[in-house]
Amino acid sequence: MKNFFRKNFALTETGAGDLIKSTITSFIVYVSNMLPAMLLMYFLDELLMGHARSATSYIALSLIGVIIMGVIFRIDYDAMYNSTYRESANLRLDIAETLGKMPLSYFSKHDLSDLAQTIMSDVAALEHAISHAIGKTIGFAIYFPLVSLLLIMGNVKLGLAVMMPIILSFLLIMLSKRIQLKENLKYFKKLRDNSESFQEAIENQQEIKSFGMVDEVRRNLYKKMEESEKIHLKAEIMVGIPLILSGVIGHMALAVVIIVGMQLYMAGETSVLYVVGYLMAAMKIKDGFDGLSQNVAEIFYLDAMINRIKEIRNTPVQEGKEEKIDSYEIELKDVTFSYNDDAKVIRGVGFTANPGEVTALVGMSGCGKTSLLRLISRLYDYDGGSIKIGRKDIKRISTDSLFEKISIVFQDVTLFNTSVLENIRIGRSDASDEEVMEAAKLANCHEFVEKLPDKYNTPIGENGATLSGGERQRISIARAFLKDAPIIILDEIAASLDVNNEKKIQESLNRLIHDKTVIIISHRMKSIENADKIVVMKDGKVEASGSHRELITVSETYKNLVEKARLAEEFSY
C-alpha cells in the first residue's frame with residue numbers, strides 16, 4: 001500500500017505512511033457516522049415495535065456515541081491535516097534536494113517559472129487533496145463494499161436498491177475519467193504558459209518600455225488570459241456534466257429504496273423498521289458518496305501535477321561518490337557535448353591544464369569556450385570522452401567534493417537579495433566578517449561598499465539590482481578570493497570592469513592564482529599573452545595550443561584574434 005501511494009501520488013516515504021493512517025481513520029469515520037442512525041433505529045424499534053426502554057439507556061448510548069465519534073474525529077483530524085502539512089514541507093524539500101543534484105543543463109531546458117509553480121502551487125494542490133480527498137476516497141472504497149455486503153445479507157432486494165444507484169454513479173464518473181484528464185491537462189499547460197509569459201514580461205520591463213512594446217505585450221497577455229479562461233470553462237463543463245449526472249443518479253437511491261421497500265412491505269416480506277433502516281443507510285451512504293464524487297474529480301485534476309513532480313524525480317541526477325582530490329591537473333580527452341541533443345557544441349576537445357599554470361581559452365564567439373568551462377566545473381555533464389581532475393573522472397566524483405576544490409567566476413553574475421556581506425560569504429559559508437572584508441578588498445569592492453548606506457550590511461536587491469555591472473562582477477570575484485580553491489575558472493571577468501578596476505583586480509588575481517590550476521577566458525588578448533598555455537578553439541574543436549609566440553606563427557585563428565583586438569583598441573568614435 002505504501003509503494004502504491006508513493007508511485008501514484010508522488011509522495012515521500014513518510015507521506016505515504018501518513019496517508020495509510022489517514023485512509024484507515026477515514027474508514028473508521030465512515031463507520032462511526034452510522035452511530036446516530038443506529039441510535040435512531042434503537043428508538044424506532046421502541047416506537048414501532050413496542051419494545052420499551054428507559055430514558056437512561058438513550059442518554060447513555062448517546063453519550064457513548066458522542067465520545068466515540070469525538071475521539072475518532074480528533075484522531076482523523078491529526079491523520080489528515082497535521083500530517084498533511086508536514087508532508088507538504090517534506091515534498092518541497094525533497095523536490096529542492098532533487099533539483100540541487102541535477103546538472104545545469106536541466107534548467108536550460110525547463111522554464112524556471114514552471115519549476116517554481118511545481119514547488120509551490122502543485123505541492124499546495126497535492127496537499128489539499130491529501131487532506132481532503134485521497135484518504136477519504138480510499139476509505140470510502142473500503143467502507144462501501146463492506147456495508148453493501150452487510151445490507152445484502154440483511155435483505156438482498158433492499159441491499160441492491162441501496163447499492164446499484166451508487167455503483168452506476170461511480171461508473172459514470174470513471175467512464176468520464178479520460179475526458180477529464182485530457183481537459184485538465186490542457187488547462188494545466190496553459191496556466192504554465194501564462195506564468196512564463198508574465199515572468200518574461202516582468203523581467204524584461206526595461207526592454208519592453210524602451211522599445212515602446214507596452215501595449216503589444218499587454219494585448220498578448222490579455223489574449224493569453226482569455227484563452228486560458230475558455231480552456232478553464234470547457235474543462236469545468238467537462239468535469240461538471242458527469243458530476244451532475246452522477247449526483248442525479250445518486251439521489252435516485254433514496255427513491256429506489258422507498259419504492260422497493262414499500263413493495264416488499266405490502267407483500268409482507270419485510271417490516272417498516274427494516275425499510276426505514278435501509279432508507280437511513282441509503283442516506284448515510286449517499287452523503288458519503290456525494291463527497292466522494294467531488295474528491296475523485298479533485299484527484300483527476302491532480303494528475304498533471306503529480307506527473308510533473310514524478311518527472312522531476314525521475315530525471316537523472318548528477319551522481320558520484322565522495323572523493324579526496326589531492327592533485328589538480330585537469331586533463332580533457334576527446335570531449336564531446338551538445339545542449340539539446342542537436343549539433344555538437346564541443347567536438348573532440350583535448351588538452352591538459354597543469355597546476356601552477358594559467359591556461360587560456362581563446363576563439364571567436366560561439367566556438368564553445370564557456371561551454372567547456374561549464375563541463376570542467378561539472379555544471380553540465382559531457383556526452384563523450386573524459387575529463388579528469390587528479391586522474392579521477394569528474395563524472396564519478398560527487399559535485400560536493402568537486403565544487404569544494406573549484407572557484408568559478410562567470411561573466412553572468414548571479415547575486416542574492418541580501419547584504420553585500422552575505423553575498424560574498426557564499427564563497428565560504430564559515431568565513432568570518434573580517435575574512436569577507438579582506439576578500440572584498442582584494443577584489444576592489446571595499447571602496448564602493450563603503451559608500452553604501454549600511455556599508456557591508458546593505459541589501460543589494462534582487463540579483464544586485466542596486467549595483468552597477470562592474471560592482472556586481474567584483475562581488476563575484478570576491479567570492480573566489482574568499483573560497484581560495486586550488487582550481488580557478490574565470491570567464492570574461494573583466495567584461496564589466498573599467499580599466500582602472502581591471503588593473504587592480506589583475507594585480508590581486510596574480511596573488512590569488514599562485515601555485516593553482518587556472519583556466520581563463522578573456523577577449524582582451526593582451527591580458528593572456530603571458531599565459532603558460534593558450535588553447536585556440538574553432539567550431540567546438542581545438543585548432544592549436546601553445547604559447548603566444550608559437551601560436552602567432554602557426555594559428556590563423558589566433559593571429560586573426562590578435563589583429564582584431566589591436567584594431568578594437570585603436571578604434572575611436
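First, a word on what this report is: a plain description of the structure on this page. Not measured: the values here are computed from a predicted model.

**Things to note about the overall build of the protein**
Step number 1: In terms of regular secondary structure, the protein is built from 20 helices and 10 strands.
Step number 2: Computed over C-alpha atoms, the radius of gyration of the protein comes to 35 Å, more than 25% over the 25 Å expected from 2.2 N^0.38 for 573 residues, which places it beyond the range of a compact globule.
Step number 3: Seen through its C-alpha atoms, the protein measures out along the principal axes to roughly 115 × 50 × 45 Å.
Step number 4: Scored against the burial criterion, the 573 residues of the protein give a buried share of 46%.
Step number 5: Put simply, 76% of the contacts in the protein that link residues at least 6 apart link residues at least 24 apart.
Step number 6: Accessible area of the protein: about 29800 Å², with a carbon and sulfur share of 58%.

**Focus on the packing of aromatic side chains**
Step number 1: Overall, the coordinates contain three aromatic pairs when judged by the stated rule.
Step number 2: Taking the centre distance of 5.8 Å and the plane angle of 15° together, the rings of Phe140 and Phe144 count as stacked. In this pair, Phe140 and Phe144 both sit in helix α6 (residues 112-154), four residues apart, roughly one turn of the helix. Take Phe140 and Phe144: they sit in the same class, and that class is buried.
Step number 3: Ring plane angle 75° and centroid distance 5.6 Å describe the contact between Phe337 and Tyr380, whose orientation is recorded as edge-to-face.

**A closer look at the environment of Glu404**
Step number 1: With respect to the helices and strands, the residue Glu404 is situated in the loop between α13 (399-403) and β6 (406-409).
Step number 2: Given a relative accessible area of 54%, Glu404 falls into the exposed group.
Step number 3: With 79 residues separating them in the primary sequence, Glu404 and Ile325 have C-alpha atoms 9.6 Å apart.
Step number 4: Once residues lying within four places of it in the same chain are set aside, the contact partners of Glu404 are Lys483 and Ala485.

**A few points about the pattern of salt bridges**
Step number 1: Tallying each qualifying case throughout the model produces 20 salt bridges.
Step number 2: Notably, a salt bridge pairs Asp215 with Arg218, separated by 2.9 Å at the nearest N-O pair. Remark: Arg218 and Asp215 occur in helix α10 (residues 214-266); sequence separation between them is three residues, near one turn of the helix.
Step number 3: Taking relative accessible area as the criterion, Asp215 reaches 47% and is therefore assigned partly exposed.
Step number 4: Of the charged contacts in the structure, one is a salt bridge between Lys559 and Glu556, with a shortest N-O distance of 3.3 Å. Of the two residues, Lys559 and Glu556 are both situated in helix α20 (residues 556-570); the distance of three residues between them amounts to about one turn of the helix.

**So, the sheet that holds strand β10 (residues 541-546)**
Step number 1: Taking strand neighbours across the sheet as the criterion, the six strands line up as β6-β7-β8-β3-β9-β10 in an open arrangement whose pairing is mixed. Both outer strands of the open sheet, β6 and β10, are each paired with one neighbouring strand and no more. Each adjacent strand pair in this sheet contributes to an overall mean axis angle of 15°, direction not counted.
Step number 2: Direction of pairing for strand β3 (residues 358-363) relative to strand β8 (residues 517-521): parallel, over a ladder of four bridges. Residue pairing for β8: Ala360 is matched across the bridge by Ile520.

About the thresholds
- Residues numbered from 1 in each chain as written.
- Predicted model: local features only at pLDDT ≥ 70, side-chain atom pairs only at ≥ 80, totals over all residues.
- Heavy atoms only, no water.
- Helix = DSSP H or I, 4+ residues; strand = E, 2+ residues; numbered from the N terminus.
- Rg over C-alpha atoms; globule rule 2.2 N^0.38 Å.
- Buried < 20%, exposed > 50% of the residue type's maximum accessible area, 1.4 Å probe, protein only.
- Contact = heavy atoms within 4.5 Å.
- Areas by Shrake-Rupley, 256 points an atom, 1.4 Å probe, with all protein chains shown as cover.
- Phe/Tyr/Trp six-rings, centres within 6.5 Å; stacked < 30°, edge-to-face > 60°.
- Salt bridge = Lys/Arg side-chain N within 4 Å of Asp/Glu carboxyl O.
- Pairing = 2+ DSSP bridges.
- Axes fitted to C-alpha atoms, helices over the stretch in contact; angles between N-to-C directions.

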